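Topology and contacts: notes
Residue-level listing of the chains:
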Amino acid sequence: MDFKLVAPDADRRKLVAYLDANPEWSRLASTGGTFLFYRHSSFRADQRIEIPADDNPVFAQEDRRTCATAAHIINAVALGMPTSATPNAVAKEALRRLAAHTDVPATATGQETAR
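Residues numbered from 1 in each chain as written. Predicted model: local features only at pLDDT ≥ 70, side-chain atom pairs only at ≥ 80, totals over all residues. Heavy atoms only, no water.

**A closer look at the packing of aromatic side chains**
Filter applied, for reference: Two rings from Phe, Tyr or Trp (for Trp, the six-membered ring) form a pair when their centres sit within 6.5 Å of each other. Planes less than 30 degrees apart are called stacked, planes more than 60 degrees apart edge-to-face, and all others tilted.
For the structure shown, the criterion picks out two aromatic pairs. Note on phenylalanine 35 and phenylalanine 37: the rings are 6.4 Å apart at their centroids and 45 degrees apart in plane angle, and the pair reads as tilted.

Here's what the structure looks like:
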C-alpha cells in the first residue's frame with residue numbers, strides 16, 4: 001500500500017485536497033458550516049477529524065491548531081499508528097522509515113515515494 005503524509009503545518013486547503021482525494025477517508029455531513037468532518041475507514045463510528053470549513057481570519061490561530069491536530073491524526077493513520085500517538089512519536093516513526101528506506105511516506109507534494 002502506498003502511504004502519503006501531510007505536512008504538519010498543512011493549511012485547510014491542503015488537508016481538504018488530501019482527504020477528498022484519498023478513498024480511505026470520507027467526508028461526513030457538516031453542521032452549521034463551521035467545520036468539515038472526515039472519517040477514516042478504520043475509525044469507529046464516533047471517531048472523526050475536523051477541518052475548518054473556510055479561511056475566516058477571525059479564527060486564524062484556532063484554525064491553525066485545528067489543522068495541526070488533523071495533520072497529526074492523518075499522519076498517524078498513514079503510518080499505521082494509533083491516533084493517540086504523540087506528534088513526536090509520529091515524527092520519529094516517519095524519520096525512522098525514511099532512514100530505513102522502507103515504506104517511505106511522501107508528503108502531500110504529489111510525490112509517490114520519497115527516496
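Resuming the write-up.
**Quick word on the side chain of glutamine 47**
The following threshold applies: Starting at the N terminus, helices and strands are each numbered in turn, a helix being any DSSP run of H or I of at least four residues and a strand any DSSP run of E of at least two. Two N or O atoms form a polar contact when they lie within 3.5 Å of each other; inside protein one atom must be a possible hydrogen donor and the other a possible acceptor, and for residues adjacent in sequence the pair counts only when both atoms belong to side chains. Contacts: residue pairs with any heavy atoms within 4.5 Å of one another.
Within the element layout of this structure, glutamine 47 appears in the loop between strand 2 (35-40) and strand 3 (49-52). A polar side-chain atom of glutamine 47 sits 2.7 Å from the main-chain amide nitrogen of arginine 44. In this view, glutamine 47 contacts Arg39 and Thr83; residues no more than four positions away in its chain are not counted.

**Some thoughts on the confidence of the model for the protein**
The following threshold applies: Per-residue confidence from the predictor is reported as pLDDT, which spans 0 to 100.
Across the protein, the average pLDDT comes to 85, with 83% of residues at or above 70. Low pLDDT (under 50) marks residues 108-115, which in the prediction has 16 contacts with non-local residues, meaning those over four places away or in another chain.

**Here we look at the pattern of salt bridges**
We count it as follows: A pair is scored as a salt bridge if a Lys or Arg side-chain nitrogen falls within 4 Å of a carboxyl oxygen belonging to Asp or Glu. Residue burial is assigned from relative accessible area. The probe radius is 1.4 Å, only protein chains are included, and a residue is buried under 20% of its type maximum, exposed over 50%, and partly exposed in between.
Scanning the model with the defined rule gives six salt bridges in all. Arginine 44 is the salt-bridge partner of aspartate 46, the closest N and O atoms lying 3.0 Å from each other. As far as burial versus exposure is concerned, aspartate 46 and arginine 44 are alike and both exposed. Each of Arg12, Arg13 and Asp55 takes part in one network of salt bridges that share partners.

**A look at the side chain of histidine 40**
Locating histidine 40 in the fold gives a position in strand 2. Under the relative-accessibility criterion, histidine 40 is labelled buried at 7%. In this structure the side chain of histidine 40 is engaged in a polar contact, spanning 3.0 Å, whose partner is the side chain of glutamate 24. Residues in contact with histidine 40, not counting those within four places in the same chain, are Glu24, Trp25 and Val77.

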